[in-house]
Amino acid sequence: MRQCIFVCLVIVLSACNRGVTYQRQELKKRTFHYFWDLADKNNYQIPDRYPTLTFSSIAATGFGLTSYISGIESGFVTRDQGAQRVLSTLQSLWRLPQGDAKSGISGFKGFYYHFLNLNDAMRYKEVELSSIDTGLLMAGVLSVQSYFDKDNAIEKQIRDLADQLYLRVDWNWMMNGQKTMSMGWHPEKGFIPAQWKGYNEAMVLLIMAMGSPTHGIPASSWDEWCKTYEWESFMGISNVQFDPLFGHQYSHVWIDFRGIKDTYMEAKGTDYFENSKKATLSNRAYCIKNPGNFKGYGYQQWGLTACDGPFNGQKQIDGRDIQFFDYRARGASSQQVIDDGTIAPTAAGGSMPFAPEECEAALKNMWNQHYDQLVGQYGFKDAFNLTYRDPKHPEGWFDVDYLGIDQGPILLQMQNHENGLIWDIMKKNKYIVEGLKRAGFSGGWLKTNALSQKN
């Protein structure tokens, strides 16, 4: 008996010495350093993924800007270091060329191309001018505008540049004369026919577009957006449906939807925060039920969202043909189920404020159980699939890459869960507040804000 206890103690101590045992602060620190360490030294854009280097992502740069705030408040870098990094990033964004040419430019009408070259931050191949990715970038821009409020030269430059970048975006042009916003534009063929309809990650995009005093879209745009919602029941839980969890997370990184309601949610007697909580728990419930009989799913190992995957094609595993995917938006809702056995840590990490006990238990389990294959210098690798096996992956597939747009929600939603840091910063941003009011939101902290301003 004593020998057994001694052996167990040695194993535990060995794990601790290797840094295996999960600690939230350690996960935060490593995830922060994805943005701090990997930002380009000349143009300060954040790579889409690492260590596979392909291009930078403007959405990842938006998450990066906000992550610097978390890093300062967590003591990972000083305020002066963070301010200088932010200023350099904004200066680079402002200098990058804008125009309607097909190449040699980075954006048009204040928008930026989805992906930019690593070396010169110009348009990558023929990617689209992206409305949502510019929106996520601008959410990061507005976060640093409100955070860096000191009366000194660097922080004043940050506020001024953030203002110029945001006010330059011609949101109304991206409407293309329609009632709902286009997903993007190509200089080769014009606006993308697909528009932002149905509940998804675009809430923060539309709120910023309505809050703009220079190129604001009509207030009626919000009602048009809400008309396309699908309120259904999935896994015994009723809420607005959207299958991948990132759609329930991204806008909540920057906006505190607790207690504030638009007309739609007022009629339902709930709010968007509770909606995301229900989506998280139904996603988890689906994984626990595991109708696809995938290996590793359970109470402490779950989470379907957009992420990398093992490969795109069918493969026979244990006598059955399974359709696997590479990068794909996975998820489960009444609308559809896209599931190939791939779990992404960002699904639980990005939902931390909604279901903290369930999410942290999942992160802790994935960290402790799969540390050697799933965790590295910058926290969690993007995804893993224990069902997929081949000679190169006899124990299942584990990603080699980290993805910027999946790292961001892990860090920032843990931060919001801890102390509401990003939410409280954005409550001070006049453009966000105006956008929410024009969309018809009221109550909660919006009412408190209005009362405090009157006093």
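In case you missed it, the structure is sitting above this.
What exactly am I supposed to notice about the overall build of the chain here?
A count of helical and extended segments in the chain gives 19 helices and 22 strands. Its C-alpha atoms give the chain a radius of gyration of 22 Å, within 12% of the compact-globule value 23 Å for 455 residues. Projected onto its principal axes, the C-alpha positions of the chain cover 70 × 50 × 45 Å. Per-residue burial for the chain yields a buried fraction of 60% across its 455 residues. Of the contacts formed within the chain by residues at least 6 apart in sequence, a portion of 67% connects residues at least 24 apart. Carbon and sulfur atoms make up 49% of the accessible area of the chain, which totals about 18,000 Å². With 46 positive and 48 negative side-chain charges, the chain shows a separation of 2 Å between the mean positions of the two kinds.

Teacher, can you tell me more about the environment of Phe-257 here?
Structurally, the position occupied by Phe-257 is in the loop between helix H10 (250-254) and helix H11 (263-268). For Phe-257, a relative accessible area of 1% corresponds to the buried category. Measuring from C-alpha to C-alpha, the distance between Phe-257 and Tyr-402 comes to 28 Å, with 145 residues separating the pair along the chain.

Explain the packing of helix H3 (residues 58-73) against helix H4 (residues 79-95) to me, please; I cannot follow it from the model alone.
In a pair of packed helices, the angle between the axes and the distance between the axes together describe the arrangement. The contact between H3 and H4 brings their axes to 9 Å, and the two run at 165 degrees. Comparing the axis directions of H3 and H4 gives the class roughly antiparallel. Crossing angle aside, the handedness with which H3 passes H4 is left-handed. Here H3 contributes Thr-61, Leu-65, Tyr-68 and Ile-72 to the contact with H4, which in turn contributes Arg-79, Gly-82, Arg-85, Val-86, Thr-89 and Leu-90.

I tried to follow the packing of aromatic side chains on my own but got confused; where do I start?
Here a ring pair, both rings aromatic, is described through the centre-centre distance and the interplanar angle of the planes. Considering all chains together, one arrives at 44 aromatic pairs under this definition. Taken together, a centroid distance of 4.9 Å and an interplanar angle of 85 degrees make the contact between Tyr-147 and Phe-148 edge-to-face. Take Tyr-147: its relative accessible area is 7%, and that puts it in the buried class. Under the relative-accessibility criterion, Phe-148 is labelled buried at 0%. Each residue in the set Phe-108, Phe-111, Tyr-166, Trp-171, Trp-173, Trp-185, Phe-191 and Tyr-431 is aromatic and connected to the rest through ring pairs, giving one cluster. Here the basic side chain of Arg-79 rests over the ring of Tyr-147, its NZ or CZ set 4.6 Å away from the ring centre. Between Arg-328 and the ring centre of Phe-325, over which it is positioned, the NZ or CZ distance is 4.7 Å.

Conventions used here
- Residues numbered from 1 in each chain as written.
- Predicted model: local features only at pLDDT ≥ 70, side-chain atom pairs only at ≥ 80, totals over all residues.
- Heavy atoms only, no water.
- Helix = DSSP H or I, 4+ residues; strand = E, 2+ residues; numbered from the N terminus.
- Rg over C-alpha atoms; globule rule 2.2 N^0.38 Å.
- Buried < 20%, exposed > 50% of the residue type's maximum accessible area, 1.4 Å probe, protein only.
- Contact = heavy atoms within 4.5 Å.
- Areas by Shrake-Rupley, 256 points an atom, 1.4 Å probe, with all protein chains shown as cover.
- Lys, Arg positive; Asp, Glu negative; His and termini not counted.
- Charge placed at Lys NZ, Arg CZ, Asp CG, Glu CD.
- Axes fitted to C-alpha atoms, helices over the stretch in contact; angles between N-to-C directions.
- Parallel < 35°, antiparallel > 145°, perpendicular 65-115°, else oblique.
- Left-handed = near helix turned anticlockwise from the far one by under 90°.
- Phe/Tyr/Trp six-rings, centres within 6.5 Å; stacked < 30°, edge-to-face > 60°.
- Lys NZ or Arg CZ within 6 Å of the ring centre and 35° of its normal.

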